Amino acid sequence: MVALKIITTILYVLICVALVVVVLFQESKTQGLSGAINGMAETYWGKNKGRSMEGTLKKATRILAVLFVVISVVLNLGFWK
């Protein structure tokens, strides 16, 4: 049981680091005055965000966040005694 706790803890730390990195790679949603002056033009990249790098980072953030919560609950249930 101790080995399973160690493996789960290592996985938890790796997910934490990956979640921080993925969130830091994402672009800011605010554009300041440049967005207000230039307007929000619909482009090919704007319409296909799910297939772009931004869409991939968003999906990765969701998956890592769910794994983070699930492993947090598992580690705190106390099965390891």
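Above this text is the structure in question.
Here the structure is a predicted model, which means the values were calculated and not measured.

Criteria and cut-off values
- Residues numbered from 1 in each chain as written.
- Predicted model: local features only at pLDDT ≥ 70, side-chain atom pairs only at ≥ 80, totals over all residues.
- Heavy atoms only, no water.
- Helix = DSSP H or I, 4+ residues; strand = E, 2+ residues; numbered from the N terminus.
- Buried < 20%, exposed > 50% of the residue type's maximum accessible area, 1.4 Å probe, protein only.
- Contact = heavy atoms within 4.5 Å.
- Areas by Shrake-Rupley, 256 points an atom, 1.4 Å probe, with all protein chains shown as cover.
- Expected span 1.5 Å × (residues − 1).
- Core = buried A, V, L, I, M, F, W, Y, C linked by side-chain atoms within 4.5 Å.

Participant: Would you take a moment to explain the overall build of the chain for this structure?
Facilitator: Each helix and strand counted, the chain has 4 helices and 0 strands in total. Its helices and strands in sequence order give the chain the pattern α-α-α-α, from N to C terminus. Out of the 81 residues in the chain, the part that is buried amounts to 20%. Counting only contacts in the chain whose residues sit at least 6 apart along the sequence, the fraction spanning at least 24 positions is 85%. As displayed, the chain offers around 6700 Å² of accessible surface, 71% of which is attributable to carbon and sulfur atoms.

Participant: What's the story with helix α1 (residues 2-25) in this structure? I'm lost.
Facilitator: Since the α-helix turns once every 3.6 residues, residues separated by three or four places project in the same direction. Here α1 spans 35 Å end to end across 24 residues, near enough to the 34 Å set by a 1.5 Å rise per residue. Within α1 the residues assigned to the buried category are T8, Y12, I15, L19 and V22. For α1, the secondary structure elements touched by its buried residues are α4 (53-76).

Participant: Please explain the nonpolar core as it appears in this structure.
Facilitator: Nonpolar side chains in soluble globular proteins tend to end up buried together. Grouped together as the largest cluster of nonpolar side chains are 8 residues: Y12, I15, L19, V22, L57, L64, I71 and L75. At the level of secondary structure, the elements contributing two or more residues to this core comprise α1 and α4. If near-sequence neighbours (up to four positions away) are discounted, V22 is found in contact with L57, A60, T61 and L64.

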